[in-house]
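Report on the structure
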Amino acid sequence: MKILVVGSGGREHALAWKLAQSERVQMVYVAPGNGGTAADARLVNVDITDPAALADFVVAEHIALTLVGPEAPLAAGIVNLFRSRGLKIFGPTREAAQLESSKDFAKAFMQRHGIPTATYQSFSDAAQAHAYVDANGAPIVIKADGLAAGKGVVVAMSLEEAHAAVDHMLSDNAFGDAGARIVIEEFLAGEEASFIVMCDGKHVLPMATSQDHKRLKDQDQGPNTGGMGAYSPAPIVTPAMHARVMREIINPTIQGMAKDGITFTGFLYAGLMIDAEGNPRTLEFNCRMGDPETQPIMARLKSDYVTVLEHACNGTLDQVELEWDRRTAVGVVMAAAGYPDSPRKGDVIEGIPVETPECVTFHAGTQVVDGKLQTNGGRVLCVVGLGDSVKMAQKQAYEGVDKIRFDGAQFRRDIGWRGVR
Ligand code: AMP
Ligand code: GLY
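This section reports on the structure supplied with the text. Per chain, residue numbering runs from 1 following the sequence as it is written. All chains are assigned letters beginning at A, and all ligands numbers beginning at 1, according to the order in which they are written. Given that the model is predicted, a residue must reach a pLDDT of at least 70 before its local features are reported, and side-chain atom pairs must reach 80 or more before they are shown or counted; all residues, however, enter totals for whole chains, interfaces and linings. Derived side-chain values reflect all non-hydrogen atoms in the structure, with water molecules and hydrogen atoms excluded from consideration.

1. Focus on the overall build of the protein
Put simply, DSSP H or I for four residues or longer makes a helix, DSSP E for two residues or longer makes a strand, and each gets a number counted from the N terminus. Helices and strands together make up the secondary structure of the protein, namely 14 helices and 22 strands. Note on method: radius of gyration uses C-alpha positions; expected globular size equals 2.2 Å times residues raised to 0.38. A globule of 421 residues ought to have a C-alpha radius of gyration of about 22 Å, and the protein, at 21 Å, matches this closely. Considered along the principal axes of its C-alpha atoms, the protein spans approximately 60 × 45 × 40 Å. Buried positions account for 57% of the 421 residues belonging to the protein. Any two residues whose heavy atoms approach within 4.5 Å at even a single point are treated as in contact. Residue pairs in contact within the protein that sit at least 24 positions apart in sequence constitute 68% of those at least 6 positions apart. Here the Shrake-Rupley method, with its probe set to 1.4 Å, supplies the accessible areas, and only the displayed protein chains count as covering residues. When the accessible surface of the protein is split by element, carbon and sulfur atoms take 49% of a total near 16,900 Å². Accessibility here uses a 1.4 Å probe with only protein chains present; expressed as a share of the type maximum, an area under 20% marks a residue as buried, one over 50% as exposed, and anything in between as partly exposed.

Below you can see the structure in the form of C-alpha cells.
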C-alpha cells in the first residue's frame, strides 16, 4: 500500500516515519517533505503543494490514503477536494476546520455549546476594542481571528501591551485579513496541556497526552514560539482529568459540531489551561496534530498506524485500541539562529546521531544542498529521547542534542520540567 503525508515539518517527518514502519506499507510519499524525509530510504519526497495537483498524483500513483499535517491546506479545503474525487483522506473538511481557522468561530461555538473557555468579545473596530481593553484591564489576551502561523496571539501583561496589540492587528493590518477581526479574551492562569483525539465522524479515539513548551527560553521565559519541545505523557492529565476533558470538552465539541450540521473528522486538538483548582478550560482548538507534540507521541505509539488510519477513514475507530510504549518521550526542538522573528537559513548541520530504540531525531527546517544538510527554517530538528522516567527520557534526548552542531542553534535545556517535579 502507498500513503501520502502532506506537509514539511517535524510533525510530518514523525508521522511518515511511523507509517513507514508498517509491514503493510510499500511506500510513504511526503509532499513536500524536508531534508530528513529525503534522507530516509523508506520515504520519498514529492515536490507538489497544490491540492489539485496532489489529487492527480494520488490517482496516478494509486495511493491508498492521504494524511494531512498542517492547518493551511485543511482550511483551504483539501479534504473537500479529495473526497469530491473519491479519494481517501484523513482530516477535517474546510467547514470543520473553522474551529481552528477562525478564533471568532471557535469562541462563538464554545459559548453556544457550553464548552468551558475564557470569556471574550470579538471586534473589527479599533476604538471599541480599545474601550473593551480599558474596561477589563490587564492581563488580557488579544488574538487575530484567522490563521497567523502561531504568531497571532498576544498575552498582554500590561494595558500598554494590549493597546499596542490591538493597533498592530486592527490598525496596522499586521496579519492582513487574518487580523481584520480580533478576539479579546480573559487571561487564564494555570498549566497547559495538549489533548489530541482522532475522530471518524462517529467515534473518538484519544491519542496519548502531551505538553508543549511555547516559550523560547528555559523556565518559560522569552517570546512565544511554535513550540520548543514537548513530552508525553503529561502527568497533569490524570485519569480523572482525562475523563473530565472527554466529558466537558471533547464530546460536547464533536456533538456540537454535529448539531450545527458539521460532521467532524480528523484530529481534534484542544489546547487546555488547567487552573490551580484543577478545572480545565479550552484555550484554542486545532484541527490537526500538534508540532512538536506529534514527535514524542509517535515515538511512543506501538500500534500499526496504517491500520488505525484505515479505520479512521472508514468510520470504524471504535474497533481500535491504541497501544503505547510505557516509557516517557521527551522531544527537544533545536531552532535556527534568529528564531522566532527572523530565522537564518543555510547553516550546515552535523552530528545527527544514528537512531536507536532510545533516541530518534526528526527533521523540520532542513534541506540537503550539494550533499550537505543545512538549516532551512525556524525549527530545525526535534530530538526525541525515551526513558522510564521524564528524567531518563531527558537524559537520552539531551545526549542526542549535544552531539548535533550548527551555528546559532537555540534550544531549551529544561523540556519536561513540569513532569520532573
Ligand atoms: P493559542 O494559539 O490560542 O493557543 O495561544 C497561544 C498561547 O498563548 C497558548 O498556548 C497560551 O500559552 C497563551 N494563551 C492563549 N490564550 C490564553 C489565555 N486566555 N490566557 C492565558 N494564556 C493564553
Ligand atoms: N505545538 C502547538 C501547535 O501545534 O499548535
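Resuming the write-up.
2. Some remarks on the side chain of Ser-194
Of note, Ser-194 is situated in strand E10 (residues 191–200). A relative accessible area of 4% means that Ser-194 is categorised as buried. Under the rule applied, a polar contact is a pair of N or O atoms within 3.5 Å (in protein, one hydrogen donor and one hydrogen acceptor; residues adjacent in sequence only if both atoms are side-chain atoms). A distance of 2.7 Å separates the side chain of Ser-194 from the side chain of Glu-293, its partner in a polar contact.

3. Considerations on the pairing of strand E16 (residues 265–274)
The side chains of a regular strand alternate, first on one face of the sheet and then on the other. Among the ten residues in E16, ten count as buried, and that is most of the element. Any two strands between which DSSP finds at least two bridges are classified as paired. Judged from the ten bridges that link them, E10 and E16 form a sheet pairing that is antiparallel. By the bridge assignment, Val-197 is partnered in E16 with Leu-268. Here E16 hands over to strand E17 (residues 280–286) after five residues, with Gly-278 in that stretch at a positive phi of 85°.

4. Focus on the sheet that holds E17
Strands sit in the order E11-E10-E16-E17 across an open sheet of four strands; the sheet is antiparallel. Of all strands in the sheet, those bounded by a partner on one side alone are strand E11 (204–206) and E17. For this sheet, the mean angle separating the axes of adjacent strands, direction not counted, is 30°. Working convention: axes come from line fits to C-alpha atoms, limited for helices to the stretch in contact. Angles between N-to-C directions cover 0 to 180 degrees.

5. Quick look at the state of the cysteines
Two cysteine sulfur atoms make up a disulfide if the distance between them is within 2.5 Å. In total, this model carries zero disulfides according to the counting rule given. Unpaired in terms of disulfides, Cys-287 finds its nearest cysteine sulfur in Cys-199, a separation of 9.2 Å. Looking at Cys-287, the relative accessible area reads 2%, which means it is buried. Cys-313 carries a free sulfur, and the closest cysteine sulfur to it, the one in Cys-199, is 13 Å from it.

6. Brief notes about the site of ligand 1
Around ligand 1, the structure places 14 residues, and the nearest of them are Glu-185, Glu-186, Leu-188, Glu-192 and Glu-284. For ligand 1, a nitrogen atom lies 2.9 Å from a polar atom in the backbone of Glu-186. Glu-284 is positioned such that a nitrogen or oxygen atom in its side chain is 2.8 Å from an oxygen atom of ligand 1. Surface burial for ligand 1 is 90%, taken as the share of its 470 Å² of free accessible area covered by protein chains. Residue proximity to a molecule or strand is established when one non-hydrogen atom of the residue lies within 4 Å of it.

7. Observations regarding the sheet that holds strand E15 (residues 229–232)
Strand order in the open sheet formed by five strands is E12-E15-E18-E22-E19, and the pairing between neighbours is antiparallel. Looking at the sheet topology across the chains shown, the edges are occupied by strand E12 (211–212) and strand E19 (359–363). Here E15 runs beside strand E18 (residues 328–335); their pairing, made up of four bridges, is antiparallel. Within E18, the residue paired with Tyr-231 across the bridge is Val-330.

8. Details of the packing of helix H8 (residues 126–136) against helix H9 (residues 159–171)
H9 packs onto H8 with a crossing angle of 160° between their chain directions and a minimal axis gap of 10 Å. In this view, H8 runs roughly antiparallel relative to H9, as classed from their interaxial angle. Seen from above, H8 lies across H9 with right-handed handedness. Here Ala-126, Ala-129, His-130, Val-133 and Asp-134 of H8 come into contact with H9, specifically with Leu-159, Ala-162, His-163, Val-166, Asp-167, Leu-170 and Ser-171. Gly is put with the polar residues, along with every residue not named as nonpolar or charged; the nonpolar set is Ala, Val, Leu, Ile, Met, Phe, Trp, Tyr, Cys and Pro, and the charged set is Asp, Glu, Lys and Arg. Among the residues forming the contact of H8 with H9, the class breakdown is seven nonpolar, three polar and two charged. For classification purposes, an angle smaller than 35 degrees is called roughly parallel, one larger than 145 roughly antiparallel, one from 65 to 115 roughly perpendicular, and anything else oblique. Each crossing is labelled by how the near helix is turned from the far one, with a counterclockwise turn of less than a right angle marking it left-handed and a clockwise turn marking it right-handed.

9. Comments concerning the side chain of Gln-211
Mapped onto the fold, Gln-211 is located in strand E12. Residue Gln-211 is classed as buried on the basis of its relative accessible area of 2%. In this structure the side chain of Gln-211 is engaged in a polar contact, spanning 2.8 Å, whose partner is the side chain of Glu-191. Side-chain polar atoms of Gln-211 contact the backbone oxygen of Glu-192, separated by 2.6 Å. Dropping the residues within four chain positions of it, Gln-211 is found in contact with Glu-191, Glu-192, Gly-229, Ala-230, Tyr-231, Ala-234, Ile-236 and Arg-418.

10. Digging into the pattern of salt bridges
Every case where a carboxyl oxygen of Asp or Glu lies within 4 Å of a side-chain nitrogen of Lys or Arg is listed as a salt bridge. Per the stated rule, a full pass over the model turns up 23 salt bridges. We note a salt bridge from Glu-284 to Lys-103, for which the minimum N-O separation is 3.6 Å. Here the residue Glu-284 occupies a position in strand E17, and Lys-103 occupies one in helix H7 (residues 103–112), the gap between them amounting to 181 residues. The burial state of Glu-284 is the same as that of Lys-103; both residues are buried. Connected via shared salt-bridge partners are Asp-220, Arg-412, Asp-414 and Arg-418.

11. Thoughts on the site of ligand 2
Taken together, Asp-212, Lys-214, Gly-226, Tyr-269, Asn-286, Arg-288, Gly-290, Asp-291, Pro-292 and Glu-293 form the complete shell of residues around ligand 2. Side-chain polar atom of Asp-212 to a nitrogen atom of ligand 2: 2.8 Å apart, as the coordinates give it. One of the side-chain nitrogen or oxygen atoms of Arg-288 is found 2.9 Å away from an oxygen atom of ligand 2. Grouping the amino acids of the shell around ligand 2 by side-chain chemistry returns two nonpolar, three polar and five charged.

12. Quick word on the pairing of strand E14 (residues 221–224)
For strand E13 (residues 215–217) and E14, the ladder comprises two bridges, and the chain directions are antiparallel. Residue pairing for E14: Lys-217 is matched across the bridge by Gln-221. From the end of E13 to the start of E14, which pair antiparallel, there are three residues, and Gln-219 there has a positive phi angle of about 55°.

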